[in-house]
Amino acid sequence: MSNESNIIAALPHSVGFEKSVLSVLFQCPEKLDDAPSLTAEHFHNPANRIIFELIRDLTSKSQQVELV
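The model shown is predicted, which means the values in this text are computed figures rather than measured ones.

Peer 1: Before we go on, may I ask you to explain the packing of aromatic side chains in this structure?
Peer 2: In this description, an aromatic ring pair is defined by two values, namely the gap between the centres and the angle between the planes. Counted under the stated rule, the structure contains one aromatic pair. Ring geometry for Phe 43 against Phe 52: centres 5.1 Å apart, planes inclined by 35°, an arrangement best described as tilted. Side by side, Phe 43 and Phe 52 carry an identical accessibility label, which is buried.

Laid out in structure tokens, this is it:
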């Protein structure tokens, strides 16, 4: 993990807020365009990082994001 990642992980975080961000991205994945600097490292919870990366990868390939 880089120093920047360590600093971000050490900052105060809110798992509830992370879930809210992911919920918005599930409903409107195009909102990723509104936050180009948002990265997986901004998520404290490792599972939320993975979900974010999957949403980002699917949208970059113009594939639909589904909650199934």
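What follows continues from the structure just given.
Peer 1: What's the story with the nonpolar core in this structure? I'm lost.
Peer 2: Buried together is how nonpolar side chains tend to be arranged in soluble globular proteins. Core analysis: the largest hydrophobic core is formed by eight residues, namely Leu 22, Leu 25, Leu 32, Ala 40, Phe 43, Phe 52, Ile 55 and Val 65. Elements with a contribution of two residues or more to this core: α2 (15-27) and α3 (46-60). Contact partners of Leu 25, with chain neighbours within four places excluded, come to Lys 31, Leu 32, Phe 52 and Ile 55.

Procedures and definitions
- Residues numbered from 1 in each chain as written.
- Predicted model: local features only at pLDDT ≥ 70, side-chain atom pairs only at ≥ 80, totals over all residues.
- Heavy atoms only, no water.
- Phe/Tyr/Trp six-rings, centres within 6.5 Å; stacked < 30°, edge-to-face > 60°.
- Buried < 20%, exposed > 50% of the residue type's maximum accessible area, 1.4 Å probe, protein only.
- Core = buried A, V, L, I, M, F, W, Y, C linked by side-chain atoms within 4.5 Å.
- Helix = DSSP H or I, 4+ residues; strand = E, 2+ residues; numbered from the N terminus.
- Contact = heavy atoms within 4.5 Å.

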